[in-house]
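Examining the three-dimensional arrangement
Chain by chain, the residues run as shown.
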Amino acid sequence: MDIPTLESLNLLAVLPAIILAAYTGLLLVVDLFIPNENKQRTALLAILGLGATGVALGVQINQYSAIGDQMAFGGLVIVDGYALFLQGIFLLSAILGILMAMNYLPRRGIERGEYYSLILFTTVGSMFMALANDLMVVFVALELLSIPLYVLSAFIRDDPGSEEAGMKYFLLGAFSSAFFVYGVALIYGGTGTTSLDGVAAVLAGEALNLPLALVGMGLLLVGLGFKVAAFPFHMWTPDVYQGAPTAATGFMSVGAKVAGFAALIRVLVTAFPGAAQAWGLLVIAIAILTMILGNVTAISQSNAKRMLAYSSIAHAGYILVALSAAQFPELAQEASSAALFYMLTYTITNLGAFAVVMAIEKDDGSGVEIEDFAGLAKSRPAVALMMLIFMLSLTGLPVSAGMVGKFFVFGVAINAASQSVWLAIVAIVGVLTSVVSAFYYMRIVYMMYMRDGDEEAEYPAIKPALGTALAVTGIGTLVLGFLPTLLFDAAQRALIAGL
């Protein structure tokens, strides 16, 4: 076994993640000396840490064209365009998540400094999910991502719904982690390595035990399928989203999902290109069932958070459409770029939708039924306009980020249809389910603009932090809809190692 050297560790390559991890540990200590009535300072310090991490990431991105891909920790971690792009998404979602929480937590009487540290720990785990080049690193990052989210789900300690959400998420999350670890063990038994590049090299030659490795790959799909809330591993999503604090729900709806897809795409495309025909058909089947279940079940929901939970499941299916096209090597780069861009549009739009839900939610947690949106256009026209933008985007209507994202996702599937009729079928199902989704998204729009609400209803004040989050997500949704080329070109340059 080689002795690690400073050159092989290459700590500068993962400097952004190291900065955030060290800063989070320091923030935990500093928070002990911040009075309970001034925990907003902890939130501002958390944003400061994310900003510093963003500066370091920006320097890396600026130097990437000259330096190229880098390995760290002896090849366990890879820093490429794919990882850099995703780390930017994670930092953006964390900043917006904290801004939303700064308005929400004091109203609910649950503001505690550890909330913001947990957000940062989850972000560190998400960053290493994108950086991982070894299955063991994926597992460690997965746990670092997940454990803080279990705590955030149960953050309202005197609310049975929140306690139930945390317990369900923890138990099912632990169960899925067991599947993942068992899958890693079987892959190691079948190939003799846990390195993604090593697994691909062994499978390209003569695998020690190919069936064992393929079963392990299936178990990895189960473990990561839970994180992205894909059928049939979605059962936890509605209850957890409804019971958890809305600020935590909004953050986990994008953070956990995008991180799960970050690992899933890299693992399947980098480690198992030789088994693409096997996992490609499996991903197609899961994508079809996920889109159908998510959109059809969302129709019957009366709670906005629960409706957005099933919406989240459906959007996992749309990302899987792009992944299904990545089974063909000549389309892997285009498909991965489409998935990256879709994850960016989904992050901004979905966080915005949850920010609107927080803007009308009462201090006791009520007021999040779809009926509660009635008359919002008259009482709060700016908030209603923001929700209109987000609903149009989630539906995929022009001119919005969601429409462009679906255009790229379905487009790459259609491009692959000449090689597999199943790709044409999954694209058709995606388009049809998008039409179905218009019913429940537009129902909120109908409530806001066509129904009269309670004239005496009182909404909580929107503080600058939440207002900033609403403005950033609203403007971002429109900009990505009108000017998508710049960021999509960036996503195209974000290549997975080995493509």
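Scope of this entry: the structure provided in the associated data block. (Residues numbered from 1 in each chain as written. Predicted model: local features only at pLDDT ≥ 70, side-chain atom pairs only at ≥ 80, totals over all residues. Heavy atoms only, no water.)

1. Describing the overall build of the chain
From N to C terminus, the chain includes 20 helices and 2 strands. Here the C-alpha radius of gyration of the chain, 22 Å, is about what a compact globule of 499 residues would show, namely 23 Å. Each of the three principal axes of the chain carries a C-alpha extent, and together these read 70 × 55 × 40 Å. Counting across all 499 residues of the chain, residues that qualify as buried make up 59%. For the chain, long-range pairs separated by at least 24 residues make up 80% of all intrachain contacts whose partners lie at least 6 apart in sequence. A total of about 18,600 Å² of accessible surface is found on the chain, and carbon and sulfur atoms cover 69% of it. Of the charged side chains in the chain, 20 are positive and 31 negative; the average position of the first set lies 6 Å away from that of the second. (Helix = DSSP H or I, 4+ residues; strand = E, 2+ residues; numbered from the N terminus. Rg over C-alpha atoms; globule rule 2.2 N^0.38 Å. Buried < 20%, exposed > 50% of the residue type's maximum accessible area, 1.4 Å probe, protein only. Contact = heavy atoms within 4.5 Å. Areas by Shrake-Rupley, 256 points an atom, 1.4 Å probe, with all protein chains shown as cover. Lys, Arg positive; Asp, Glu negative; His and termini not counted. Charge placed at Lys NZ, Arg CZ, Asp CG, Glu CD.)

2. Observations concerning the packing of helix 11 (residues 246–271) against helix 13 (residues 304–325)
Packing of helix 11 against helix 13 leaves a shortest axis separation of 11 Å and a crossing angle of 15°. By the angle class used here, helix 11 and helix 13 are roughly parallel. Considering how the two elements wind past one another, helix 11 and helix 13 form a crossing that is right-handed. Listed contacts from helix 13 to T246, T249, S253, K257, F261, L264, I265, L268 and V269 of helix 11 are K305, S312, A316, I319, L320 and L323. Each residue belonging to the contact of helix 11 with helix 13 can be placed in one class, and the counts come to 9 nonpolar, 4 polar and 2 charged. (Axes fitted to C-alpha atoms, helices over the stretch in contact; angles between N-to-C directions. Parallel < 35°, antiparallel > 145°, perpendicular 65-115°, else oblique. Left-handed = near helix turned anticlockwise from the far one by under 90°. Nonpolar A, V, L, I, M, F, W, Y, C, P; charged D, E, K, R; others polar.)

3. Structural notes on the environment of A332
Relative to the helices and strands, A332 is located in helix 14 (residues 332–360). Along the chain, A332 and P273 lie 59 residues apart, while their C-alpha atoms are 9.7 Å from each other.

4. Some points on the side chain of T246
Among the structural elements, T246 can be located in helix 11. For T246, a relative accessible area of 0% translates into the label buried. One polar contact links T246 to E361, side chain to side chain, over a distance of 2.5 Å. Leaving out residues up to four positions away in the same chain, T246 has contacts with Y104, K305, F354, V357, M358 and E361. (Polar contact = N/O pair within 3.5 Å; in protein donor to acceptor, adjacent residues only side chain to side chain.)

5. Things to note about helix 5 (residues 114–131)
The end-to-end C-alpha distance of helix 5, which contains 18 residues, comes to 26 Å, matching closely the 26 Å that a straight helix rising 1.5 Å per residue would cover. Burial within helix 5 is extensive, with 16 of its 18 residues counted as buried. (Expected span 1.5 Å × (residues − 1).)

6. So, the pattern of salt bridges
Applying the stated criterion across every chain, the model contains 9 salt bridges. Of the charged contacts, one joins R112 and E114 as a salt bridge, the two residues approaching to 3.2 Å between their closest N and O atoms. According to the relative accessible area criterion, R112 is buried, its value standing at 19%. By relative accessible area, E114 is classed as partly exposed at 32%. Taking the shortest distance from any N to any O, the salt bridge between E164 and K168 comes out at 2.8 Å. With a gap of 4 residues between them, E164 and K168 both fall in helix 7 (residues 160–191), about one helical turn apart. On the accessibility criterion, E164 (40% relative accessible area) is partly exposed. With a relative accessible area of 28%, K168 lands in the partly exposed category. (Salt bridge = Lys/Arg side-chain N within 4 Å of Asp/Glu carboxyl O.)

7. As for the environment of S162
As for its placement among the helices and strands, S162 is situated in helix 7. Separated by 259 residues in the primary sequence, S162 and V421 place their C-alpha atoms 44 Å from one another. If near-sequence neighbours (up to four positions away) are discounted, S162 is found in contact with S153, A154, F155, I156, G243 and P245.

8. Points about a nonpolar patch on the surface
On the surface, a cluster of nonpolar side chains totalling about 560 Å² of accessible area is made up of V399, I475, L478, V479, F482 and L483. Tracing the chain through its elements places V399 in the loop between helix 16 (381–395) and helix 17 (401–415). (Patch = residues over 30% accessible without salt bridge, like charges linked within 9 Å, V, L, I, M, F, W, Y side chains within 5 Å.)

9. Digging into the nonpolar core
Membership of the largest hydrophobic core comes to 179 residues, with the highest contact counts inside it found for L86, I98, Y115, F272, W279, L323 and F373. When near neighbours in sequence (up to four residues on either side) are disregarded, L323 contacts L264, I265, L268, V269, W279 and V283. (Core = buried A, V, L, I, M, F, W, Y, C linked by side-chain atoms within 4.5 Å.)

10. Re the packing of aromatic side chains
One pass over the structure, following the stated rule, counts 16 aromatic pairs. Relative to W236, the ring of F226 lies with its centre 5.0 Å away and its plane at 35°, an arrangement referred to as tilted. Residue F226 is located in helix 9 (residues 210–228), and its partner W236 is located in the loop between helix 9 and helix 10 (237–243); the two are separated by 10 residues in the primary sequence. Judged by its relative accessible area of 5%, F226 is buried. Here the aromatic rings of Y318 and Y342 are separated by 6.3 Å at their centres, their planes lie at 55°, and the arrangement is tilted. Placement of Y318 in helix 13 and of Y342 in helix 14 is noted, with a sequence separation of 24 residues between them. The exposure classification of Y318 matches that of Y342, with both residues buried. What links up through ring pairs into an aromatic cluster is the set Y150, Y169, F170, F226, W236, Y241 and F354. (Phe/Tyr/Trp six-rings, centres within 6.5 Å; stacked < 30°, edge-to-face > 60°.)

11. Some remarks on the packing of helix 3 (residues 40–67) against helix 5
It is at 9 Å that the axes of helix 3 and helix 5 come closest, and there the two elements cross at 20°. When the axes of helix 3 and helix 5 are compared, the pair comes out roughly parallel. Regarding helix 3 and helix 5, the two cross each other, and that crossing is right-handed. When helix 3 is examined against helix 5, the residues Q40, T42, A43, A46, L50 and T53 are found in contact with a partner set consisting of Y116, L120, T123 and M127. Of the residues in the contact of helix 3 with helix 5, the class split is 6 nonpolar, 4 polar and no charged.

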